[in-house]
Amino acid sequence: MEYLPEKIGRFEVISFVGRGATGVVYQARDPVIDRVVAVKRISLGDLLPDDQKEEFTQRFLREAKAAGGLSHPNIVIIYDLGEDEGVPFIAMEYLAGASLTRLMKDRGPLPLAEAMAIVKQVALGL
């Protein structure tokens, strides 16, 4: 069972969403403006040597700041960037639904037209 913190920064954690290569994502509530958000908290864990953790953290923060300046319908909105107990996090727009990974695990290879539509949406966001 995945560890579920009560809070990350000011955000009240509701549920576990998923785990990726660089972190864990939670569904949370922002009590200040009463909206649901996704909070991604990086996982430095034991995978990185100590001398690389600071570099990784700085890169994470730079990328979050860069993403925060973007505005496009195919890119989630970044609401906040911070640290909680020394661990950086990003609070962003929460979009309900399954990931592409989940979709492909459930359905197998996608029909070409559907795959091309997804790739087009990703490319437009980039």
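Just so it is clear, the structure is predicted and the values come from calculations on it, not from any experiment. (Residues numbered from 1 in each chain as written. Predicted model: local features only at pLDDT ≥ 70, side-chain atom pairs only at ≥ 80, totals over all residues. Heavy atoms only, no water.)

Caption draft 1: Spatial organisation of the pairing of strand β4 (residues 35-42). Both strand β3 (residues 23-30) and β4 contribute to a ladder of eight bridges, which runs antiparallel. Within β4, the position partnered with Gln-27 by the bridge is Ala-38. Connecting β3 to the antiparallel partner β4 that follows it, the hairpin turn spans four residues, and Asp-34 within it adopts a positive phi of roughly 50 degrees. Where β4 and strand β6 (residues 87-93) come together, five bridges link them in antiparallel fashion. Pairing of Arg-41 across the sheet is with Phe-89, part of β6. (Pairing = 2+ DSSP bridges. Helix = DSSP H or I, 4+ residues; strand = E, 2+ residues; numbered from the N terminus.)

Caption draft 2: Structural context of the pattern of salt bridges. Summed over the entire model, instances satisfying the criterion amount to seven salt bridges. The residue Arg-29 makes a salt bridge to Glu-12 at a minimum N-O spacing of 2.6 Å. One end of the pair, Arg-29, is in strand β3; the other, Glu-12, is in strand β2 (residues 11-19), with 17 residues separating them in the sequence. Taking relative accessible area as the criterion, Glu-12 reaches 31% and is therefore assigned partly exposed. Between Arg-59 and Glu-63 there is a salt bridge, and its shortest N-O distance comes to 3.9 Å. Taken together, the residues Arg-59 and Glu-63, both in helix α1 (residues 50-68) and four residues apart, mark about one turn of the helix. Arg-59 sits in the partly exposed class, given a relative accessible area of 35%. (Salt bridge = Lys/Arg side-chain N within 4 Å of Asp/Glu carboxyl O. Buried < 20%, exposed > 50% of the residue type's maximum accessible area, 1.4 Å probe, protein only.)

Caption draft 3: Seen up close, the nonpolar core. Formed by Ile-8, Phe-11, Val-13, Val-24, Tyr-26, Ala-28, Val-37, Val-39, Phe-89 and Ala-91, the largest nonpolar core amounts to ten residues. The set of elements that each furnish at least two residues to this core consists of β2, β3, β4 and β6. When residues of this core are assigned to their parent elements, the largest contribution, three residues, is made by β3. In terms of nonpolar packing, the next biggest core, distinct from the first, is built from eight residues, Phe-56, Phe-60, Leu-61 and Met-92 among them. (Core = buried A, V, L, I, M, F, W, Y, C linked by side-chain atoms within 4.5 Å.)

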